[in-house]
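Below are the chains, spelled out letter by letter.
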Amino acid sequence: MPAPGGRVELRGRDVHHLCRVLRLAAGDTVDAVDPEGGRWRLRLLQVGPSSCTAEASAAAPGPAPSDDAPALVLMQCLPKGRKMDLIIRQAVEAGAVRVVPLASDHAVARPEEGGARLERWRRIAREAREQSGAARPAVIEPPARLDEAIGRERTGTAVFFHEDPAGSSPLHGILAGAEGPFAVLVGPEGGLSARETALLEASGFRRAWLGEGGLRTETASLYVLAVVLTIL
């Protein structure tokens, strides 16, 4: 973490993002977020092909990130293909602080398949944080089986979404006066099995309904994060 008036050296992807994507040069300024979530105004002093030096002249203007912002966890059943790339990018941009990929009964992808993609997912999360300016880094966990993951999840409020309104509760009612952190679980293309639904309810997850009409799993994840954050 820099000190006001101190200098920082940037390398690798940071340099690419600043100089190739944003097209900044020596003398330009940019707002930045350090690993601790602090915000800074950086002025580029020297720009090279693989590194650049900047001066942390002052904290970046604007409201400081709130420690009271809800900590939101997305538990996402693994979808087919590379849809998880989009889900992670959108989840981090929307403010999720942790993403837990899950192998479920109706999911085609397996945890071992997802493990090979973990580094890419973490890179995507980092890029999404840069894009959105999120104050807190998002943790992308290794894929796990749903049964195991919900057993070790320790959250104040946990919700899963089901296409059947029977037995479901209004989301406003679930979140009213609820304590964080908040975990939301989204199923795969084939939905959650009856076994998983019963297991989730027995584990303390509340069952919610999103309303009429079906959503793709990659759409549902962003939708529920936006709805939950808006209500909170």
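Residues numbered from 1 in each chain as written. Predicted model: local features only at pLDDT ≥ 70, side-chain atom pairs only at ≥ 80, totals over all residues. Heavy atoms only, no water.

Caption draft 1: Representation of the overall build of the protein within the structure. Along its length, the protein carries 8 helices and 11 strands. Sorting the 232 residues of the protein into buried and exposed places 43% on the buried side. Put simply, 74% of the contacts in the protein that link residues at least 6 apart link residues at least 24 apart. Surface summary for the protein: the accessible area is close to 11800 Å², and the carbon and sulfur share equals 51%. (Helix = DSSP H or I, 4+ residues; strand = E, 2+ residues; numbered from the N terminus. Buried < 20%, exposed > 50% of the residue type's maximum accessible area, 1.4 Å probe, protein only. Contact = heavy atoms within 4.5 Å. Areas by Shrake-Rupley, 256 points an atom, 1.4 Å probe, with all protein chains shown as cover.)

Caption draft 2: Broad picture of the packing of helix α2 (residues 83–94) against helix α8 (residues 217–231). In the contact formed by α2 and α8, the axes pass within 9 Å of each other and the chain directions differ by 10°. With respect to each other, α2 and α8 are oriented roughly parallel. Note on element contacts: α8 touches α2 through T217, E218, S221, L222, L225 and L229, opposite K83, L86, I87, Q90, A91 and A94. Split by residue class, the contact of α2 with α8 holds 7 nonpolar, 3 polar and 2 charged. (Axes fitted to C-alpha atoms, helices over the stretch in contact; angles between N-to-C directions. Parallel < 35°, antiparallel > 145°, perpendicular 65-115°, else oblique. Nonpolar A, V, L, I, M, F, W, Y, C, P; charged D, E, K, R; others polar.)

Caption draft 3: Representation of the layout of surface pockets. Taken as a whole, the second largest pocket spans an internal volume of roughly 460 Å³. Of all the elements in the fold, those that place two or more residues in the lining of the second largest pocket are β10 (182–186) and α8. Ranked by the residues each element gives to the lining of the second largest pocket, the list is headed by α8, at 4 residues. Its residues assigned to classes, the lining of the second largest pocket comprises 11 nonpolar, 8 polar and 5 charged. (1 Å grid on protein atoms, 1.4 Å probe; cavity = no way out; pocket = protein on both sides within 12 Å on 5 of 7 lines; lining within 4 Å. Points joined across faces, edges and corners; volume = space filled by probe spheres on them.)

Caption draft 4: The arrangement of α8 in detail. Taking 1.5 Å as the rise per residue, α8 with 15 residues should run 21 Å; its terminal C-alpha atoms sit 21 Å apart, in good agreement. Of all the positions in α8, only T217, E218, A220, S221, V224, L225 and V228 are classed as buried. Seen along its axis, α8 keeps its buried residues to an arc of 165°; they face one direction. In this structure, the buried side of α8 is in contact with β5 (72–77), α2, β9 (157–161), α6 (171–175) and β10. (Expected span 1.5 Å × (residues − 1). Arc of directions from axis to C-beta.)

Caption draft 5: Geometry of the nonpolar core. Core analysis: the biggest nonpolar cluster contains 29 residues, and L74, I88 and V184 have the highest contact counts within it. Elements supplying a minimum of two residues to this core: β5, α2, α4 (118–132), β9, α6, β10 and α8. Those residues in contact with I88 that sit more than four places away from it in its chain are V99, W121, I124, A125 and I140. Formed by 16 residues, the second largest nonpolar core is a distinct cluster that contains V73, C77, A144 and L192. (Core = buried A, V, L, I, M, F, W, Y, C linked by side-chain atoms within 4.5 Å.)

Caption draft 6: Here's a closer look at the side chain of T217. For T217, the position within the fold is in helix α8. Separated by 2.7 Å, the side chain of T217 and the backbone oxygen of G187 make a polar contact. Those residues within four positions of T217 in sequence are excluded, and the remaining contacts are Q76, P79, I87, V186, G187, P188 and E189. (Polar contact = N/O pair within 3.5 Å; in protein donor to acceptor, adjacent residues only side chain to side chain.)

Caption draft 7: Inspection of α4 at higher detail. Look at α4: 21 Å from first C-alpha to last across 15 residues, which is about the 21 Å you get at 1.5 Å a residue. Along α4, the positions that sit buried rather than exposed are L118, W121, I124, A125, A128 and R129. Seen along its axis, α4 keeps its buried residues to an arc of 140°; they face one direction. Opposite the packed face of α4, turned more than 90 degrees from it, sit the exposed residues E119 and Q131.

Caption draft 8: Summary view of the environment of D31. For D31, the location among the structural elements is in strand β2 (residues 29–33). Residue classification places D31 among the partly exposed positions, given a relative accessible area of 44%. Along the chain, D31 and A56 lie 25 residues apart, while their C-alpha atoms are 9.7 Å from each other.

Caption draft 9: A look at the pairing of strand β6 (residues 98–103). Within β6, 6 of the 6 residues are buried, leaving the element largely enclosed by the surrounding structure. Neither face of β6 is left uncovered, since the one carrying R98, V100 and L102 and the one carrying V99, P101 and A103 both have all their residues buried. Here 5 bridges tie β5 to β6, and the two strands are oriented parallel to one another. By the bridge assignment, L74 is partnered in β6 with V99. In this fold, β5 hands off to α2, which returns the chain to β6; that crossover is right-handed. Pairing analysis gives 2 bridges linking β6 to strand β7 (residues 139–140), with the strands arranged parallel. Residue pairing for β7: R98 is matched across the bridge by V139. (Pairing = 2+ DSSP bridges. Right-handed = clockwise from strand over helix to strand, strands pointing away.)

The values reported here are purely geometric and, on their own, carry no functional implication.
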